[in-house]
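# Coordinate analysis (summary)
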Amino acid sequence: MKACHSLRELIRAIYRIGTRVYTDQGERLFVHHMGDGFAIVSDFGEASFKRPLGIAVALMRHVTSTGMFAAAAVAEGSFSDITGCYPNEVTEDCDDGGVVCLGEGLMTLHKVMGTAFIHAYRLNGDTPSGPFVVVSAEHEGRIPPEFEFCSTRGKRENDLLSIDWMRAESLAVDQIQAKASLEAPKVGELIQAIKSYCARYPHVRGKWSGNLRALLSVDLEKD
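Residues numbered from 1 in each chain as written. Predicted model: local features only at pLDDT ≥ 70, side-chain atom pairs only at ≥ 80, totals over all residues. Heavy atoms only, no water.

The next point concerns the pairing of strand β5 (residues 99–102). As paired strands, β5 and strand β6 (residues 105–108) are joined by four bridges and run antiparallel to one another. Its bridge partner being in β6, Val99 is matched across the sheet by Thr108. From the end of β5 to the start of β6, which pair antiparallel, there are two residues, and Gly103 there has a positive phi angle of about 65°. (Pairing = 2+ DSSP bridges. Helix = DSSP H or I, 4+ residues; strand = E, 2+ residues; numbered from the N terminus.)

What follows deals with the nonpolar core. If you look at the biggest cluster of nonpolar residues, it comprises 35 residues, and the most contacted ones within it are Leu53 and Leu212. Where this core is concerned, the elements lending two or more residues are α2 (50–64), β3 (72–74), β8 (133–136), β10 (159–163), α6 (187–200) and α7 (202–216). Among residues more than four places away in sequence, those in contact with Leu53 are Val74, Val133, Val135, Ile143, Pro144, Phe147 and Ile163. Of all hydrophobic cores here, the second largest spans 14 residues; its members include Ala13, Ile17, Leu29 and Ile55. (Core = buried A, V, L, I, M, F, W, Y, C linked by side-chain atoms within 4.5 Å. Buried < 20%, exposed > 50% of the residue type's maximum accessible area, 1.4 Å probe, protein only. Contact = heavy atoms within 4.5 Å.)

Moving on, we get to the side chain of Thr127. Position of Thr127 among the secondary structure elements: in the loop between α4 (115–126) and β8. On the basis of relative accessibility, which here comes to 6%, the residue Thr127 falls in the buried class. Beyond its immediate sequence surroundings of up to four residues, Thr127 is in contact with Phe132, Val134, Lys155 and Leu160.

Right, let's talk about unusual backbone geometry for a bit. Positioned with a positive phi, Glu157 is a non-glycine residue whose angle comes to about 70°. With respect to the helices and strands, the residue Glu157 is situated in the loop between β9 (149–153) and β10. Positive phi, normally seen in glycine, also occurs at Ser181, with a value near 55°.

Running from N to C, α6 and α7 cross one another at 140°; their axes reach a closest spacing of 6 Å. The angle between α6 and α7 places the two elements in the oblique class. Side by side, α6 and α7 meet where Ile194, Tyr197, Cys198, Ala199 and Arg200 of the first sit next to Pro202, Val204, Arg205, Trp208 and Leu212 of the second. Broken down by class, the residue content of the contact of α6 with α7 amounts to eight nonpolar, no polar and two charged. (Axes fitted to C-alpha atoms, helices over the stretch in contact; angles between N-to-C directions. Parallel < 35°, antiparallel > 145°, perpendicular 65-115°, else oblique. Nonpolar A, V, L, I, M, F, W, Y, C, P; charged D, E, K, R; others polar.)

As a further point, take the packing of aromatic side chains. Inspection of the entire model under this criterion finds five aromatic pairs. For the ring pair Phe69 and Trp208, a centre distance of 5.8 Å and an interplane angle of 85° mean the geometry is edge-to-face. With Phe69 in the loop between α2 and β3 and Trp208 in helix α7, this residue pair connects regions lying 139 residues apart in the sequence. The class for Phe69 is buried, based on a relative accessible area of 18%. Ring plane angle 25° and centroid distance 5.6 Å describe the contact between Tyr197 and Trp208, whose orientation is recorded as stacked. Of this pair, Tyr197 sits in helix α6 while Trp208 sits in helix α7, and the two are 11 residues apart along the sequence. Residue Tyr197 is classed as buried on the basis of its relative accessible area, which comes to 12%. Among the aromatic side chains, those forming a connected cluster through ring pairs are Phe69, Tyr197, Tyr201 and Trp208. Lying over the aromatic face of Tyr22, Arg51 brings its terminal NZ or CZ to 4.6 Å of the ring centre. (Phe/Tyr/Trp six-rings, centres within 6.5 Å; stacked < 30°, edge-to-face > 60°. Lys NZ or Arg CZ within 6 Å of the ring centre and 35° of its normal.)

Looking now at the side chain of Arg51. Relative to the helices and strands, Arg51 is located in helix α2. Engagement of the side chain of Arg51 in a polar contact is seen with the side chain of Glu46, the distance being 2.7 Å. Aside from chain neighbours lying at most four places away, what touches Arg51 is Tyr22, Glu27, Arg28, Leu29, Ser42 and Glu46. (Polar contact = N/O pair within 3.5 Å; in protein donor to acceptor, adjacent residues only side chain to side chain.)

What follows deals with the pattern of salt bridges. Scanning the entire structure with this criterion turns up 10 salt bridges. Linking Arg142 and Glu76 is a salt bridge whose minimum nitrogen-to-oxygen distance equals 2.9 Å. With Arg142 in the loop between β8 and β9 and Glu76 in the loop between β3 and β4 (80–81), the pair connects residues that are 66 residues apart, well separated along the chain. For Glu76, a relative accessible area of 39% puts it in the partly exposed group. Here Arg153 makes a salt bridge to Asp159, at a shortest N to O gap of 2.6 Å. The network of salt bridges with common partners includes Arg153, Glu157 and Asp159. (Salt bridge = Lys/Arg side-chain N within 4 Å of Asp/Glu carboxyl O.)

For the rest of this paragraph, the subject is the layout of surface pockets. Here the second largest pocket defines a volume of roughly 220 Å³. Along the wall of the second largest pocket there are 14 residues; nearest its centre are Ala75, His119, Leu123, Ser136 and Glu138. Elements supplying a minimum of two residues to the lining of the second largest pocket: α4 and β10. Ranked by the residues each element gives to the lining of the second largest pocket, the list is headed by α4, at four residues. (1 Å grid on protein atoms, 1.4 Å probe; cavity = no way out; pocket = protein on both sides within 12 Å on 5 of 7 lines; lining within 4 Å. Points joined across faces, edges and corners; volume = space filled by probe spheres on them.)

Quick look at the structure:
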């Protein structure tokens, strides 16, 4: 039930960002629910990662206020409607929600796909275990100075940059949190939430401990 509550808050936060913060053409967002996560795609390419990182940090903090944690990966690529790839006999029997009847069963279709989602998914899968926001090292020059980061190696030995989402002091983050009415815990509260969670779940503590110390300067052994 706690995980469902956190998922509900994540959905609420994304909805508010899309309806209260970035609403106009040119800055609008396209959000797609895929598996256990969401792909948030901008209308046009982002020269700087200021906005995507601002959104990621705001969402991470909001979810942490529920006592659970998220992870985010910021990547770049294309995204397009692939409805034209489906056979006519399937699309003709498909409702607006992308659901097709299979007798007494159902088929659910995702109408979009692209390298933006694939790159982010792979990046997230390569990330060390824990509540981290990561960017590929090739995009280091696009990270604004207000987002501090450290370098790390991914599970597949790729070079990644881990953003310090707990301590980032960014006007973009502040505006998103304020306009969307999101929870904005202070650094001390975020650290305590992580420590409390790891104390409650020892198996998580074992997986996260070293990564938290290296990437977010959170030492579970210290008060």
